[in-house]
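Listed below, chain by chain, are the residues.
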Amino acid sequence: MTKPAATPPQLPRIRTGVPGLDEVTGGGFLQSGVYIFQGAPGAGKTILANHIVHAHAAAGGRVVYVTLLAESHARLLQHMGGFSFFEVSAVPEKVYYVSAFNALRSEGLPGVVALLRSEMRSRKAGIVVLDGLVMAASAAASDEELKLFVSDIQAHSTLTGSTTLLLTSEHADRPVSAEQTMVDGILLLRERALGPRRERNIEVVKFRGSSTLRGNHAFRIGPRGIEVYPRLEAVQGRQNYGDAVRSEGVPTGVPGIDRMFSIGGYAKGGVTALSGPSASGKTTLVLHWLAGAGPREKTVFLGFYESPELLAHMAEVLGLDAARVLASGDVDFMWYPFGENQIDEVAAALLERVDRTGARRVVIDGAGGFLAAPGFQERGGPFLAGLMNELRRRGVTTVATVEQQDATRALVLDSATMSALADTVVDLHLDRGQAVRRFISIRKSRVSRSELRRHELILGAAGLEVLEEDRLAP
């Protein structure tokens, strides 16, 4: 009987310590691997490399950071000093900065290899960075000499167990070069224009021995350094969502609306979209629902329009118990003023908040905050489907408001995108006759039977009420 082939041992991983990057790379870099970080000047390569090496040092590792640039290390350390990842006490014992500029100028590429070999061994470095590969490429007499240079680095990385990062200031989309064919992985850093706004992104185009998240992923450079936001559709495609939506109702806070659903409210674990024009009552309905929040029904409220203070005032004016709930701490506000938000950053923050607080309810007020963000028009429905599937997977009941243009009845979100967004769509209408009247109807519900007849909504002393009969009918 033939024995099954033994599974080859997996190479150890080196965690990057950069939020989101390990997820994109499939678990971090492979030990002894050689990787290129490529991007135009200002793309963020040096900050990314320094974030990785200082995270490695903080975890107990040792690093050698070699530069081929004429810029002094004092200047580099001044630039890095403003980031929270930078620990000056780690220099030079754990993070050792050394220049190879003179070795390159006097001895050429063999001199740089000799310096790298010596530092790898003497410092017992877990990570080695060579910043300025473009200088080595310029010094090489031919592609073959550059390939030999990279091959020597690979050999010494394997012998010493060091993971090597090569930084090159070449445009991310330039044709394939000699050194790219030799290395274990290539990460491209870009900054692209989206109208008057710009967005940074990172892409793994080559990574031997690992399953990575393909495509572009947004990242931001902030006080903590680099934060990568894996593209939600790529992450979502790897998850199993099961049957999270249940045929069980969560009361809406308006008894007349509860009666329109066979399950007595919004589907537990599902997504309900409240769609209608401005002033049709969407946010007022949300406030009614918030009144049902509590210690066992904690709510995360993601808002783009009304601030938390304004919402609390609105609830108080309407006489809703939501005012008390809003002040109790059972509703956790995430306030992103309408404007230049990165959709993956907002989505990641929302999911992290749900996980950390154990929230059972989510309000997104409104979906237009995503529509206005850079990059949404390219991704639209797939992004919203990914976000809502992540919420469903957590068993969270979600209510999202969606703006609709009243005059033409045209949706800001098209039918396909709305279908991807919600299990249930509740339409709110305005009749602007001699007096403005509000109406409500259920357009669709995948998870319960529902009454399809249109009802009028009126605002009474206790908030919104549903009229069972048309008060103006003959």
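Residues numbered from 1 in each chain as written. Predicted model: local features only at pLDDT ≥ 70, side-chain atom pairs only at ≥ 80, totals over all residues. Heavy atoms only, no water.

Participant: Got a sec to walk through the packing of aromatic side chains? Specific residues and values, please.
Facilitator: Applying the stated rule across the entire model yields 12 aromatic pairs. Summarising the aromatic geometry, the rings of F29 and F37 are spaced 6.0 Å apart at their centres and angled 40° between planes, so their arrangement reads as tilted. Exposure class is identical for F29 and F37. Each is buried. Taken together, a centroid distance of 5.1 Å and an interplanar angle of 40° make the contact between Y65 and Y97 tilted. One end of the pair, Y65, is in strand β4 (residues 63-67); the other, Y97, is in strand β5 (residues 95-99), with 32 residues separating them in the sequence. Each member of the pair, Y65 as well as Y97, is classed as buried. The structure contains a cluster of three or more aromatic residues connected by ring pairs, namely F29, Y35, F37 and F207. When the ring centre of Y96 is taken as reference, the NZ or CZ atom of R123 above it lies at 3.5 Å. The ring of F439 carries R454 above its face, with NZ or CZ at 4.0 Å from the centroid. (Phe/Tyr/Trp six-rings, centres within 6.5 Å; stacked < 30°, edge-to-face > 60°. Buried < 20%, exposed > 50% of the residue type's maximum accessible area, 1.4 Å probe, protein only. Helix = DSSP H or I, 4+ residues; strand = E, 2+ residues; numbered from the N terminus. Lys NZ or Arg CZ within 6 Å of the ring centre and 35° of its normal.)

Participant: Which residues make up the environment of I52, and what are the values?
Facilitator: Checked against the element boundaries, I52 lands in helix α2 (residues 45-58). Sequence separation of I52 and G256 is 204 residues, and the distance between their C-alpha atoms is 56 Å. Setting aside chain neighbours within four positions, we find I52 in contact with T16, V18, L21, F29, F37, I127 and L165. (Contact = heavy atoms within 4.5 Å.)

Participant: Tell me about the side chain of T67, and please be specific about residues and values.
Facilitator: Mapping T67 onto the fold places it in strand β4. When its relative accessible area of 4% is taken as the criterion, T67 is described as buried. Apart from residues no more than four positions distant in its own chain, T67 is found in contact with H73, V98, S99, A100, F101 and D131.

Participant: Can you tell me about the pattern of salt bridges, naming the residues and giving the values?
Facilitator: Between side chains of opposite charge, a pair can form when the charged atoms approach closely. Counted by the stated rule, this structure contains 26 salt bridges. Of the charged contacts, one joins E345 and R220 as a salt bridge, the two residues approaching to 2.6 Å between their closest N and O atoms. With E345 in helix α12 (residues 343-357) and R220 in strand β10 (residues 216-222), the pair connects residues that are 125 residues apart, well separated along the chain. Judged by its relative accessible area of 18%, E345 falls in the buried class. (Salt bridge = Lys/Arg side-chain N within 4 Å of Asp/Glu carboxyl O.)

Participant: If you had to explain the pairing of strand β7 (residues 163-168) to someone new, which residues and values would you point to?
Facilitator: Of all six residues making up β7, six are buried, and the element is well covered by its neighbours. Because side chains alternate across β7, one face comprises the buried residues T163, L165 and L167, and the other comprises T164, L166 and T168, equally buried. Bridge count between strand β3 (residues 34-38) and β7: five bridges; the pairing is parallel. Within β7, the residue paired with Y35 across the bridge is L165. Bridging between strand β6 (residues 127-131) and β7 involves five bridges; their strand directions are parallel. (Pairing = 2+ DSSP bridges.)

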